[in-house]
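Observations on the three-dimensional arrangement
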Amino acid sequence: GWIFLFFAPEKDQMMKNSLFRDRRLYVIFSITLIGVMGVASLTPALPKISQALNLSKSEVALLISAFTFPGIFLTPVAGVIADRLGRKAVLVPSLFIFALAGAAIFFVKSFHVIIVLRVIQGIGAAPLGSINTTLVGDFFRGKDRPAAMGYNASVLSLSTASYPLIGGALAGIAWYFPFLMPLLAIPVGLFVIFGMKEPEFEKVSDFDQYLRAISDSIMKKEVMGIFLLGILTFIILYGAFLTYIPFLVEEKFKLNAPQIGMLLSLSSLTTAILATQVGRLTHKYGSLSLLKTAFLLYLLVSIMIPNVKTLSLFLVPILIFGSAQALNIPSIQTSLANLAPDNQRGAFMSVNGMVLRIGQTIGPMIVGIGYSVGDMNGVYYLSALIALCGLLVLFTMIRPGKLNMQQ
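Residues numbered from 1 in each chain as written. Predicted model: local features only at pLDDT ≥ 70, side-chain atom pairs only at ≥ 80, totals over all residues. Heavy atoms only, no water.

Helix and strand counts for the chain come out as 20 helices and zero strands. By the compact-globule yardstick of 22 Å for 407 residues, the chain fits well, its C-alpha radius of gyration being 21 Å. In terms of overall dimensions, the chain has C-alpha extents of about 55 × 50 × 45 Å along its principal axes. Counting contacts in the chain only where the partners sit at least 6 residues apart, residues at least 24 apart contribute 83% of the total. With the model as given, the accessible surface of the chain reaches about 17,500 Å², and the carbon-plus-sulfur share is 69%. For the chain, the centre of its 30 positive side-chain charges and the centre of its 18 negative side-chain charges are spaced 5 Å apart. (Helix = DSSP H or I, 4+ residues; strand = E, 2+ residues; numbered from the N terminus. Rg over C-alpha atoms; globule rule 2.2 N^0.38 Å. Contact = heavy atoms within 4.5 Å. Areas by Shrake-Rupley, 256 points an atom, 1.4 Å probe, with all protein chains shown as cover. Lys, Arg positive; Asp, Glu negative; His and termini not counted. Charge placed at Lys NZ, Arg CZ, Asp CG, Glu CD.)

A ring pair, where both rings are aromatic, is described by two values, the distance of the centres and the angle of the planes. Counted by the stated rule, this structure contains 17 aromatic pairs. Ring centres 5.6 Å apart and planes at 50° place the aromatic pair tyrosine 298 and phenylalanine 321 in the tilted group. Of the two residues, tyrosine 298 is situated in helix H18 (residues 287-304) and phenylalanine 321 in helix H19 (residues 311-339); the sequence distance between them amounts to 23 residues. In this structure an aromatic cluster arises from ring pairing among Phe106, Phe107, Trp175, Tyr176, Phe177 and Phe179. Directly above the ring of tyrosine 210 sits arginine 84, whose terminal nitrogen or CZ lies 5.5 Å from the centroid. When the ring centre of tyrosine 176 is taken as origin, the NZ or CZ atom of lysine 109, which lies over that ring, is 4.6 Å away. (Phe/Tyr/Trp six-rings, centres within 6.5 Å; stacked < 30°, edge-to-face > 60°. Lys NZ or Arg CZ within 6 Å of the ring centre and 35° of its normal.)

A separate point is H18. With 18 residues, H18 extends 26 Å between its outermost C-alpha atoms, agreeing within 8% with the 26 Å of an ideal straight helix rising 1.5 Å per residue. For H18, every residue scored as buried is listed here: Ser287, Leu288, Leu290, Leu291, Ala294, Phe295, Leu297, Tyr298, Leu299, Val301 and Ser302. Those residues of H18 hidden inside the fold are in contact with helix H14 (221-241), helix H17 (278-285), H19 and helix H20 (345-396). (Expected span 1.5 Å × (residues − 1). Buried < 20%, exposed > 50% of the residue type's maximum accessible area, 1.4 Å probe, protein only.)

Where helix H8 (residues 87-104) meets helix H9 (residues 111-125), the closest approach of the two axes is 7 Å, and the angle between their N-to-C directions is 160°. Taken together, the axes of H8 and H9 lie roughly antiparallel to each other. Between H8 and H9 the crossing geometry is left-handed. Of the residues in H9, those touching H8 at Ser94, Ile97, Phe98, Ala101, Gly102 and Ala104 are Leu117, Ile120, Gln121, Gly124 and Ala125. Looking at the contact of H8 with H9 residue by residue, the classes come out as seven nonpolar, four polar and no charged. (Axes fitted to C-alpha atoms, helices over the stretch in contact; angles between N-to-C directions. Parallel < 35°, antiparallel > 145°, perpendicular 65-115°, else oblique. Left-handed = near helix turned anticlockwise from the far one by under 90°. Nonpolar A, V, L, I, M, F, W, Y, C, P; charged D, E, K, R; others polar.)

Note that soluble globular proteins tend to have their nonpolar side chains buried in a common cluster. Within the largest apolar cluster, 104 residues are counted, with the highest numbers of intra-cluster contacts made by Ile226, Leu229, Ile245, Phe314 and Tyr380. Sorting elements by how many residues they give to this core places H20 first, with 16 residues. In this structure, leucine 229 is in contact with Leu291, Phe295, Ile332, Gly390, Val393, Leu394 and Ile398, ignoring residues within four places of it in sequence. Of all hydrophobic cores here, the second largest spans 19 residues; its members include Ala45, Leu63, Val108 and Leu117. (Core = buried A, V, L, I, M, F, W, Y, C linked by side-chain atoms within 4.5 Å.)

Here is the structure:
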């Protein structure tokens, strides 16, 4: 990101420098770093945990599902509480629960107790991935909002690329050492308490009126369209990309696990670099154009992948996919933040978090239908069809200019 700051035109340079002087942006970054830690840092340790505790692959996988499961139900609840009582009322307890429950596993050797602690840690983690983007919408307006969303997406991508390396190194000491990492949430919680003022917005005093207002807002065509795009994105990401590409490159190019990890990290790195430019691109072209470009790139990638014959050429769709993610995710988040009234933004972003978890859960199953019908070719041609569905949503459910309106 700092490289792009150096080469930016003077006007954009001034805007970015101003944004980077805002302490609230670093509060948001720190929350984002904690929000993705719970899975990304643990996955390299799973084989060692399985061996140390004498667990099957399906049993050790419960460490992931026990952690993510609470978020399906608690994320929208946390959003409502954040709108009613304030963002800090949700963030601070969540960060400390995440830290203490996660670090407690370091001292535990009973698998059943570990699973209970992972569920509790997941309760703490549930609001983090949506409240951070809620705060971007609360604190930043105009050109700063998509720029901040882009930088946050860049931090997210860099952390998902680096956490497996850190977690793997700690697991090399002992299987339980990655569980010390959640303690970093304690200084982040203190940063939120002492380094961030509560966002100011007019709260609706009547709860029934608040719920009716949310229902009316969320049922608008553009909002439902953005939620649909989120589901389709995560079906492609967790289905066609993260689930099936490792098998494809292992079979076609004989890559081992570290090589596959490096290949996927290239996509995350591309996302991190390009996402730093989303603010500038949004100002020039608008969020709708970036979303259309992203889904066109998903379509292109899905057609390319089964037809690439050499590993060097396979890097092209990997880099294109990372570029599509950079344009897509911050644009979806910016669009929702723009469409949401200030006193409903917590609920909006939390419902989006729940929607993304749904896409994450059903993605491998839906794309698996393509595999059962047409093997690997079926996976990516079905992925191309899903990308076409995204373009259909963009051309039929979202009016030009609507996504740039800020309430």
